[in-house]
Amino acid sequence: MANSYDLIVIGAGPGGLAAGIYASRSKLNTLVIEKGVVGGQAATTEEMENYPGFYLGVTGPQLTGHMHKHAEHFGCNFLKDEVVDLDLTGYEKVVVTKNGRYTAKAVVIATGAEPRFLGVKGEKELKGKGVSYCATCDADFYEDLDVVVLGNGDAAIEEAIYLTRFAAKVTIIVIHDEGVMDATKVIQERAYKNDKIEFIWNSTLEEIKGDGIVENVAIKNIKTGKVTDLETNGVFIFVGTVPRTELIKGKVELDQRGYIPANELMETTVDGVYAVGDVRTKYLRQVVTAAADGAIAAVAAEKYMQEEENFKSEVLDKAKAIAVMFWSPFHQGSLEMVPLVEKFASRHSEKLDMVKIDTYRNQRIARRYDVKEMPSVLLFKGGEVVGRVTGDLTSEKLEKLATLA
Amino acid sequence: MLEVNKENFEVEVLSSKGLVLVDFWSPKCVPCMELIPHVEELEGKFEQVKFCKLNILENRRLAMGQKVMGLPTILVYRDGEKVVELSKDFTHEDLEAKLIEVAG
């Protein structure tokens, strides 16, 4: 296995897979690293009713399985390993896994999110013994038995409906007032129509009890404070997710809840590092939005690499001094000054060359060199900035700059 | 890996001398399917352990009798007594570490 790539994608859920598809189709040498299951959280859900084009239904594993093959079809490389450390500071990013060390010019973080633990007594001890976060994994155990579902978002209600195919009775515990749920209306209605589903409102779980296996739960009414015991064989907890950003903490800016804020290009606060899918701060966490994020990040990363490589070869690596003019087509003044700077450059062609950067297309390099005013001319020598003039570019100012070349 | 079920579980696992590993799985459980090749690999490394797998779809009651109600779960028995219990979010590395612990 090679160690050096154009793009490394961390995580092979729908976001990472879409990034892999787009990047390898653009001939970027791409590596997708996954520590667990290719397909991510989507691979653990049976019901997939809203992925565009699949109105006859498709399961999570089927859909993500296709995405996996799709990426491989374009030559995307896959590695089953766990990332343990990252160095994202330089142009060359370093990704350290349990079994290797890999480098890339850009990194896509697609580590996703995982079910949130509730943190009540008995939850940890009885995990896998009646406490579950994955209906498709464990539903078969509950044939003709009673289960409790905690939560009221789309995931909770959809999984509760799925569980009615197996269980005798499914009791959904909802923290809100009667009739209020976070799930979308169509899903709520389906749950109300299901004979096997019962609701307990204004309540939450206080404790999960059982001797080696779940036997009953203590349900607390948050309005009255009253606690009642309910006999049950299983507890399915769907109370949201937490981002998998432990590894990224301190390396890329995170929001208060630990998600990664990214802009429209999926760029994080670090150049060449992108965040896609559930791990990023976003409005709708679905397979389709994760896939869209992945496509955008791959395209943005490709453009980033091109720009950076051009800048490196045309400016930083040049022995001769380079006058870099930052201009913008939307800044009238800067447009008018382009011929002036061009003439200046040709006058001094024995000691300097000129490169123009359109800041409308490429803001990153301008930002890196703290260029705030249009137009600006920065003089580079041996990869370093040795002089700059900004604003009203007079011949006088430019001539002074030339003396530094 | 030896396929165990309600017919042979008593003989192959509970009354068996020495170390017996049972991988509880189901074809619907994606994490289980991912784990199986790794468990098979470990089978080659630990010759003193008998490796078994149990499909819970046909042996639900049996699994529940062993207090298994979630997948993936791996139990290791020594002389019929549970000595290792791994459930849900464990890796094959965790399993290997446990096996080294009990099998030495």
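Residues numbered from 1 in each chain as written. Chains lettered and ligands numbered in written order. Predicted model: local features only at pLDDT ≥ 70, side-chain atom pairs only at ≥ 80, totals over all residues. Heavy atoms only, no water.

1. Remarks on the overall build of chain A
So, step 1. If you tally the helices and strands in chain A, you get 9 helices and 21 strands.
So, step 2. Scaling as 2.2 N^0.38, a compact globule of 405 residues should have a C-alpha radius of gyration of about 22 Å, whereas chain A reaches 28 Å, well beyond that.
So, step 3. Seen through its principal axes, chain A has C-alpha atoms that stretch 90 × 50 × 40 Å.
So, step 4. Among the 405 residues that make up chain A, the fraction classed as buried is 51%.
So, step 5. Summarising the internal contacts of chain A: among those between residues at least 6 apart in sequence, 61% fall at separations of at least 24.
So, step 6. Summed over its atoms, the accessible surface of chain A is roughly 19,000 Å², and 50% of this surface lies on carbon and sulfur atoms. (Helix = DSSP H or I, 4+ residues; strand = E, 2+ residues; numbered from the N terminus. Rg over C-alpha atoms; globule rule 2.2 N^0.38 Å. Buried < 20%, exposed > 50% of the residue type's maximum accessible area, 1.4 Å probe, protein only. Contact = heavy atoms within 4.5 Å. Areas by Shrake-Rupley, 256 points an atom, 1.4 Å probe, with all protein chains shown as cover.)

2. Things to note about the overall build of chain B
So, step 1. Of the regular secondary structure elements, chain B holds 4 helices and 5 strands.
So, step 2. Counted from the first residue to the last, chain B has its helices and strands arranged as β-α-β-α-β-α-β-β-α.
So, step 3. Here chain B has a C-alpha radius of gyration of 12 Å; the compact-globule value for 104 residues is 13 Å, and the two agree.
So, step 4. Seen through its C-alpha atoms, chain B measures out along the principal axes to roughly 35 × 30 × 20 Å.
So, step 5. Here chain B holds 104 residues, and the buried ones make up 53% of them.
So, step 6. Contacts in chain B between residues far apart in sequence, at least 24 positions, make up 66% of those at least 6 positions apart.
So, step 7. Roughly 4,700 Å² of accessible area belongs to chain B as shown, and the carbon and sulfur atoms make up 50% of that amount.
So, step 8. Positive and negative charge centroids in chain B, built from 13 and 19 side chains respectively, lie 8 Å apart. (Lys, Arg positive; Asp, Glu negative; His and termini not counted. Charge placed at Lys NZ, Arg CZ, Asp CG, Glu CD.)

3. Some remarks on the sheet that holds strand β14 (residues 227-231) of chain A
In sheet architecture, strand pairing relies on hydrogen bonds along the backbone and comes in two forms, parallel and antiparallel.
Residues and elements named next belong to chain A.
So, step 1. Pairing within the open sheet is antiparallel, and its 3 strands lie in the order β12-β13-β14. The sheet is open, and its two edges are formed by β12 (203-209) and β14, each paired on a single side. Pairwise comparison of adjacent strand axes, ignoring direction, gives a mean angle of 30 degrees for this sheet.
So, step 2. Note: strand β13 (residues 216-221) against β14, 5 bridges, orientation antiparallel. When the sheet's bridge partners are listed, Ala218 is paired in β14 with Asp229. (Pairing = 2+ DSSP bridges. Axes fitted to C-alpha atoms, helices over the stretch in contact; angles between N-to-C directions.)

4. Concerning the environment of Lys98 of chain B
All names here are of chain B.
So, step 1. Here Lys98 shows up in helix α4 (residues 92-103).
So, step 2. According to the relative accessible area criterion, Lys98 is partly exposed, its value standing at 32%.
So, step 3. Sequence separation between Lys98 and Lys88 is 10 residues, and the spatial gap between their C-alpha atoms is 15 Å.
So, step 4. Not counting chain neighbours up to four residues away, the residues in contact with Lys98 comprise Val84 and Leu86.

5. Here's the deal with the sheet that holds strand β9 (residues 146-150) of chain A
Residue and element names in this part refer to chain A.
So, step 1. As summarised here, the arrangement of the 5 strands in space is β8-β15-β9-β10-β11, forming an open sheet in which the pairing is parallel. Of all the strands in the sheet, just β8 (131-132) and β11 (197-200) have a single pairing partner and so form its edges.
So, step 2. Relative to strand β10 (residues 169-173), β9 runs parallel, the two sharing 5 bridges. Looking at the pairing, Asp146 lines up with Lys169 of β10.

6. Quick word on the packing of aromatic side chains
To describe a pair of aromatic rings, you give the distance between the ring centres and the angle between the ring planes.
All names here are of chain A.
So, step 1. This model, assessed by the stated rule, comprises 13 aromatic pairs over all chains.
So, step 2. Ring centres of Tyr91 and Tyr304 lie 6.0 Å apart, and the angle between their planes is 45 degrees; on these two criteria the pair is classed as tilted. Of the two residues, Tyr91 sits in the loop between β4 (83-87) and β5 (93-97) while Tyr304 sits in helix α6 (residues 287-316), which places them 213 residues apart along the sequence.
So, step 3. A residue is classified by how much of its surface remains accessible, and Tyr91, at 26% relative accessible area, is partly exposed. (Phe/Tyr/Trp six-rings, centres within 6.5 Å; stacked < 30°, edge-to-face > 60°.)

7. A short note on the state of the cysteines
Residues and elements named next belong to chain A.
So, step 1. Enumeration over the complete set of coordinates arrives at 2 disulfides over all chains.
So, step 2. The disulfide partner of Cys134 is Cys137, and the gap between their sulfur atoms is 2.3 Å. On the sign convention where negative is left-handed, the bridge of Cys134 and Cys137, at about 70 degrees about the S-S bond, is right-handed. Accessibility assignment for this pair places Cys134 and Cys137 in one class, buried. (Disulfide = S-S within 2.5 Å.)

8. As for the domain arrangement of chain A
So, step 1. Domain annotation for chain A reports domain 1 (4-114 + 241-311), domain 2 (131-237) and domain 3 (318-402).
So, step 2. For domain 2 of chain A and domain 3 of chain A, the distance between their C-alpha centres works out to 64 Å. (Domains from an automatic or database assignment.)

9. Concerning helix α2 (residues 30-45) of chain B
So, step 1. Residue Ile36 of chain B marks the point of greatest curvature in α2 of chain B, where the axis turns by about 30 degrees; the proline Pro37 of chain B follows within four residues.
So, step 2. The set of residues buried in α2 of chain B consists of Val30, Cys32, Leu35, Ile36, His38, Val39 and Leu42 of chain B.
So, step 3. On its buried face, α2 of chain B sits against α2 (60-73) and β3 (77-80) of chain A together with β2 (19-25), β3 (49-55), β4 (73-78) and α4 of chain B. (Bend = angle between axes of the 7 residues up to and from the residue.)

10. Comments concerning unusual backbone geometry
So, step 1. In this structure, the amide linkage connecting Met374 of chain A to the following residue, Pro375 of chain A, adopts the cis form with an omega of -10 degrees.
So, step 2. Tracing the sequence through the fold places Pro375 of chain A in the loop between α8 (364-368) and β20 (376-381).
So, step 3. Backbone torsion omega between Leu71 of chain B and Pro72 of chain B reads -10 degrees, so that peptide bond is classified as cis.
So, step 4. Residue Asn202 of chain A is not a glycine yet carries a positive backbone phi of 55 degrees.
So, step 5. Residue position: Asn202 of chain A is located in the loop between β11 and β12.
So, step 6. By relative accessible area, which is 15% here, Asn202 of chain A ends up buried.
So, step 7. For Asp370 of chain A, which is not glycine, the phi torsion reads 55 degrees and is therefore positive.

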